[in-house]
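Survey of secondary and tertiary structure
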Amino acid sequence: MIIDLVSRERVEQIVARSIAAATAKPRTEYALADIERTTTELIGCGRLALDPHP
């Protein structure tokens, strides 16, 4: 699945949701980031969850 670039506002929403999901009990969602090793640039992200994507 290819995802278009998103706005800073949308990224802030995704990060806030990921932080909230990380503290949920029981935890049902995990956010993952793909980082380029030599530059530490974010090159992708993913989500593992028990529910469908909102």
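The text that follows walks through the structure, step by step, so that each part is easy to find. (Residues numbered from 1 in each chain as written. Predicted model: local features only at pLDDT ≥ 70, side-chain atom pairs only at ≥ 80, totals over all residues. Heavy atoms only, no water.)

Looking now at the overall build of the protein. Counting its regular elements, the protein contains 1 helix and 2 strands. N-terminal to C-terminal, the α/β element order of the protein is α-β-β. Buried residues in the protein amount to 6% of all 54 residues. Accessible surface computed for the protein: about 5100 Å², of which carbon and sulfur atoms make up 61%. (Helix = DSSP H or I, 4+ residues; strand = E, 2+ residues; numbered from the N terminus. Buried < 20%, exposed > 50% of the residue type's maximum accessible area, 1.4 Å probe, protein only. Areas by Shrake-Rupley, 256 points an atom, 1.4 Å probe, with all protein chains shown as cover.)

On inspection of all chains with the given rule, the structure shows 4 salt bridges. Where salt bridges share partners, they join Arg-17, Glu-29, Arg-47 and Asp-51 into one cluster. (Salt bridge = Lys/Arg side-chain N within 4 Å of Asp/Glu carboxyl O.)

Now for the side chain of Glu-29. Among the secondary structure elements, Glu-29 is positioned in strand β1 (residues 29-35). For Glu-29, a relative accessible area of 9% gives the class buried. A distance of 3.0 Å separates polar atoms of two side chains, one belonging to Glu-29 and the other to Arg-17. Those residues within four positions of Glu-29 in sequence are excluded, and the remaining contacts are Arg-17, Ala-21, Arg-47, Leu-48 and Ala-49. (Polar contact = N/O pair within 3.5 Å; in protein donor to acceptor, adjacent residues only side chain to side chain. Contact = heavy atoms within 4.5 Å.)

This part takes up a nonpolar patch on the surface. A contiguous nonpolar surface patch, about 390 Å² in accessible area, is contributed by Val-6, Val-11, Ile-14, Val-15 and Ile-19. If you trace the backbone, Val-15 turns up in helix α1 (residues 8-22). (Patch = residues over 30% accessible without salt bridge, like charges linked within 9 Å, V, L, I, M, F, W, Y side chains within 5 Å.)

Okay, unusual backbone geometry next. Along the chain, Lys-25 connects to Pro-26 via a cis peptide bond; the corresponding omega equals -5°. Within the secondary structure, Pro-26 sits in the loop between α1 and β1. One non-glycine residue, Thr-40, adopts positive backbone phi at about 60°.

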